[in-house]
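What the coordinates show
Residues per chain, in single letters:
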Amino acid sequence: MKLRYDLHLHSCLSPCGDMDMTPNNIVGMAKLLGYDIIALTDHNTCRNTPAAVQAGERQGLVVVPGMELCTREEAHIVCLFPTAEAALAFGEWVEAHSPNIPNRPDIFGEQLILDADDQPIGTQENLLIAAADVGVYQVPELVRQYGGTAFPAHVDKEAYSITASLGGIPEEIGFTTAELSPRAHREKVLALYPELRSMRLLQDSDSHYLENMPDPGPVLELEENTPACLIALLESRL
């Protein structure tokens, strides 16, 4: 089946995420726009994924639990998991390997953890946009240990991307998938980084505001609309 997707979305838990980006609002907007499957990928945390998964179940939309991990090299990597439990376990590992830099709500805003009814149940005290103490070469295998998959985010961007940090995507890291930003010129990016030609390319929005969530674009073909089936596809080689 052909599925309309957006696998890179932020909630109000991300320090740059708008307060209107609650689990139910994200799911509701995605439904209105016509998506079949989305992923919640807050910066360096998965604590809002249980609420997002539950909101998706109630509204009839598949939500994949995820994270946008900032590595030691300040490369952003999207990590997706089959269940909220697996995502939370990975999130605990990341928290244990992150610097203790307190969030400044007056600068970065509140980092709100919400329940399935969009009610606050806590805050993340440490700043979530700081780089975790994990190298990009470690990430694919580390994420696989939690049943997930990982791919470099917005590889066409000049900041916070693996290409900006390393100058390309080394084959030995083992990524099978990569992400382009919505306005990326595909052929120009492929000319700059020819290694992408052997990888599956996604195009996600990286939305932090409801109004920035776009109409669906590319589609993915999956046998079943489930996180596990998506992960299996993204882990496979072309």
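These notes cover the structure that comes with them. Quick caveat, the model's predicted, so the values are computed rather than measured.

1. Here we look at unusual backbone geometry
In this model, Asp118 sits at a positive phi of 65°, which is unusual for a non-glycine residue. Here Asp118 shows up in the loop between strand 5 (112–114) and strand 6 (120–123). We note that Asp206 has phi near 55°; this positive angle belongs to a residue other than glycine. Position of Asp206 among the secondary structure elements: in the loop between strand 9 (200–203) and strand 10 (219–221). Residue Asp206 is classed as buried on the basis of its relative accessible area of 16%.

2. Focus on the sheet that holds strand 2 (residues 37–43)
Whether parallel or antiparallel, the strands of a sheet pair through hydrogen bonds between backbone atoms. Within the open sheet, the six strands sit side by side as 7-4-3-2-1-10. Their pairing is mixed. The open sheet terminates on both sides in strands that have one partner only, identified here as strand 7 (149–152) and strand 10. Taken over all neighbouring pairs, the strand axes of this sheet differ in orientation by 30° on average, direction set aside. Contacts between helix 2 (residues 49–59) and the sheet are confined to strand 2 and strand 3 (62–70), with strand 3 contributing the most and set at about 155° to the helix. Contacts from helix 3 (residues 84–96) reach strand 3 and strand 4 (76–80), with the element oriented near 10° to strand 3.

3. Digging into the pairing of strand 3
Burial analysis of strand 3 places nine of its nine residues in the buried class, the great majority of the element. Here strand 3 shows two buried faces, one formed by Val62, Val64, Gly66, Glu68 and Cys70 and the other by Val63, Pro65, Met67 and Leu69. Pairing of strand 2 with strand 3, which is carried by seven bridges, proceeds in the parallel orientation. In the strand pairing of strand 3, His43 is matched with Glu68. Between the parallel pair strand 2 and strand 3, the chain is carried across by helix 2, and the sense of this crossover is right-handed.

4. Notes on the side chain of Asp42
Among the structural elements, Asp42 can be located in strand 2. Although buried, Asp42 forms no salt bridge, and the nearest oppositely charged side chain, Arg47, lies 10 Å from it. From its side chain, Asp42 meets the backbone nitrogen of Ser11 in a polar contact 2.7 Å long. There is a polar contact of 2.7 Å between the side chain of Asp42 and the side chain of Ser14. When residues no more than four places from it in sequence are discounted, the contact partners of Asp42 are Leu9, His10, Ser11, Leu13, Ser14, Asn48, Gly66, Met67 and Glu68.

5. Quick look at the nonpolar core
Ranked by internal contacts, the top residues of the largest apolar core, which has 32 residues, are Leu69, Cys79, Phe90, Phe175 and Leu196. Per-element accounting of this core gives the leading share, four residues, to helix 3. Excluding residues within four positions of it along the chain, Phe90 makes contact with Met67, Leu69, Cys79, Phe81, Leu142, Val143 and Tyr146. Grouped together as the second largest cluster of nonpolar side chains are 18 residues, Ala153, Leu202, Leu220 and Leu233 included.

Calculation criteria
- Residues numbered from 1 in each chain as written.
- Predicted model: local features only at pLDDT ≥ 70, side-chain atom pairs only at ≥ 80, totals over all residues.
- Heavy atoms only, no water.
- Helix = DSSP H or I, 4+ residues; strand = E, 2+ residues; numbered from the N terminus.
- Buried < 20%, exposed > 50% of the residue type's maximum accessible area, 1.4 Å probe, protein only.
- Pairing = 2+ DSSP bridges.
- Axes fitted to C-alpha atoms, helices over the stretch in contact; angles between N-to-C directions.
- Contact = heavy atoms within 4.5 Å.
- Right-handed = clockwise from strand over helix to strand, strands pointing away.
- Lys, Arg positive; Asp, Glu negative; His and termini not counted.
- Salt bridge = Lys/Arg side-chain N within 4 Å of Asp/Glu carboxyl O.
- Polar contact = N/O pair within 3.5 Å; in protein donor to acceptor, adjacent residues only side chain to side chain.
- Core = buried A, V, L, I, M, F, W, Y, C linked by side-chain atoms within 4.5 Å.

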